[in-house]
Amino acid sequence: MDDSLLADSVSTLIDVLAAKDNAVERPGQVEMVEAVATALSGRQHLVVEAGTGTGKSLAYLIPAVLSGDRIAIATATKSLQNQLSDVELPFLDSQLPFPVTWSVVKGRQSYACMAKLVERFGPNLDGQGIAELFAEPGDDLDVVVEWIRDGGTGDRDDLPVAVADDVWRRASVSGMECPGKASCPQGDNCFAEMAIDAARDCQLIITNHHLYALHLASARRILPEHDAVIFDEAHKLEAASSSAFGVDVSGGRVTAFANNAQRLLPPSDRERVVGALRANADRLGAVIRELPEARLDPAEGEPGDAILGAIRAVAAAEKALPKPDEDDPRVGAIARVRNQGGHLQGDFGLALDLPDGFVSWAESPRGVIRVAPIAVDASIATNLLVHHPTIMTSATLTTGGSFAPLAARLGLSPRPIPEDPAAFDVADPLPRTYDGLRVEGSFDFSRQGLLYTAAELPDPREDDWSAAAAAEARLLVEASGGRALVLSTSFRMLSLIADGLAGLPFRVLVQGELPKRQLISRFSASETSVLVA
């Protein structure tokens, strides 16, 4: 182990804090810096529970940067991702005697798809593309197109104005649609690929749990090579991994495929093929919505028949798609539909032949059958833990003071595993043992927090509850002098609360008025502002 990384990390933390306004040295932060430095230099796994106010970000960023290793940092939320890339790392870069390099990598749907936009607006995004591919006008995409023509990054979070989800869907593709750089006519201009290329030239790769789990599920083929991984908000890693390793079966997926395929099909086949897709989509959706919300075998009975019918309809549609020449302007659109159809058939086929260790259940109100691994420990161990030192941190990781329950579910072990099956055929595998550290946060809840219960509100089932709750929110915001984050559980309530705050002498920011990144930035910059979300 290289003790110099530990010493350098602690001294750098002290220097960095001295340059930060109102910063104080926190014993828990120093302990965490030492533990992270030890884990990275010794190529060991580490689990850290660090309470609110510890300063976790700097505690792992400083050793990560000083290690010289390429390190992936995955968060559960975009807000923390943005906090790291927009605030913490620029500050650290300004304080160190050498440049700190980092790049953010998000899922495909976070970036505009140049292939889609060129098909609609032409190669220079200033005219008419392939009109027959699109049923609706593209006027609502003007703001996206103009932004890209003016040098926009393609990342939705960087848009100057908010766009609705349905508008963004028409400007982007999911990972299940994207055929990849080599099969796309706009592969060299792909914003998602540019983000990955940029990450190859950086020391730190900032991403999210779900994309990192997809990276593991793809046998580590999505993100650039790296030497270690840090998971912040690690209490959410298990759920993200289960989602990434599993699949959804629904009529909606078949309908989406039909919508994308219909204008590419030959006119002679279109009505028949699309009709079969929609009929099977409707049947599958109806069958799922009638199922009890319980565990089931999707291959049995009506669900199995409906899933098999959907697979056959998608296969027939794929067979009917034209096989374009390389110079055919539809080549990218056809490749996306084929990719979407291939994923759909593979996922539905998985549901009909559940692998060992997988379970399936119906989420009937959503019209979805969910297929997922019973546990993700083996997948994480095989694809990650035997290869890279892994650091997991959050404010809540222990159960009854013990890391053991969560650690076991994430593939870690309290003791060496002889002839570890996860390490089969791996040269120089890492042991799955880990060190655990619990540090108290510096936030004094009894002195710095106040819990208020609005005991006089009507019952939430009563008609006048919404108006009364909005009025209560206004009173609280007035009492706090603004400086409030007001959260609601529905967009209807969000609108009522926002309308109720009109006329107050504070800046009121409302989710949907601006991209989330800009909202949070403006909220942070103005002490008396109010954010309703």
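Residue indices begin from 1 for each chain and proceed along its sequence in written order. Given that the model is predicted, a residue must reach a pLDDT of at least 70 before its local features are reported, and side-chain atom pairs must reach 80 or more before they are shown or counted; all residues, however, enter totals for whole chains, interfaces and linings. With hydrogens and water excluded, all non-hydrogen atoms of the structure serve as input to the side-chain values.

A. How the structure looks around the overall build of the chain. Along its length, the chain carries 20 helices and 13 strands. The C-alpha radius of gyration of the chain comes to 26 Å, within 12% of the 24 Å expected for a compact globule of 533 residues. Dimensions of the chain along its principal axes, counting C-alpha atoms only, are 75 × 70 × 50 Å. The long-range share in the chain, meaning contacts at least 24 apart out of those at least 6 apart in sequence, stands at 74%. As displayed, the chain has an accessible area near 25,800 Å², and 51% of this comes from carbon and sulfur atoms. Counted as positive: Lys and Arg. Counted as negative: Asp and Glu. His and the chain ends are not counted at all. Every charge is mapped onto a representative atom, which is NZ of Lys, CZ of Arg, CG of Asp or CD of Glu. One finds the centroid of the 48 positive side-chain charges in the chain at a distance of 4 Å from the centroid of its 74 negative side-chain charges. Runs of H or I in DSSP of at least four residues are treated as helices and runs of E of at least two as strands, each being numbered from the N terminus. Computation of the radius of gyration draws on C-alpha atoms, with the globule rule given as 2.2 Å multiplied by the number of residues to the power 0.38. For this analysis, residues touch if any pair of their heavy atoms sits within 4.5 Å. In short, Shrake-Rupley with a 1.4 Å probe defines the accessible areas, and a residue's cover is counted only from the protein chains shown.

B. Local environment of the sheet that holds strand β12 (residues 508-510). Pairing in this open sheet of three strands is parallel, and the strands run β11-β13-β12 from one edge to the other. Looking at the sheet topology across the chains shown, the edges are occupied by β11 (484-486) and β12. Here the average twist between neighbouring strands, direction ignored, is 15 degrees. Both β11 and strand β13 (residues 530-532) contribute to a ladder of three bridges, which runs parallel. Each pair of strands is called paired provided DSSP finds at least two bridges between the two strands. Every angle, taken between N-to-C directions, lies between 0 and 180 degrees, and every axis is a line fitted to C-alpha atoms, over only the stretch in contact when it is a helix.

C. Geometry of the environment of I62. Checked against the element boundaries, I62 lands in helix α3 (residues 56-67). I62 gets classed as buried once you look at its relative accessible area, which sits at 1%. Through-space distance from the C-alpha of I62 to that of V16 is 9.4 Å; in sequence the pair is 46 residues apart. Setting aside anything within four residues of it in sequence, one finds I62 in contact with S9, T12, L13, V16 and L92. Note on exposure labels: buried denotes an accessible area under 20% of the residue type's maximum, exposed denotes more than 50%, and partly exposed covers the range between, all computed with a 1.4 Å probe on protein chains only.

D. Local environment of a negative patch on the surface. Grouping into patches uses exposed residues only, defined as over 30% relative accessible area, and leaves out salt-bridged ones; the cut-off is 9 Å for like charges and 5 Å for nonpolar side chains (Val, Leu, Ile, Met, Phe, Trp, Tyr). Any carboxyl oxygen of Asp or Glu that lies within 4 Å of a side-chain nitrogen of Lys or Arg is treated as forming a salt bridge with it. A cluster of like negative charges, contributed by D139, D142, E146 and D150, occupies part of the molecular surface. Examined against the element boundaries, D142 turns out to sit in helix α6 (residues 142-149).

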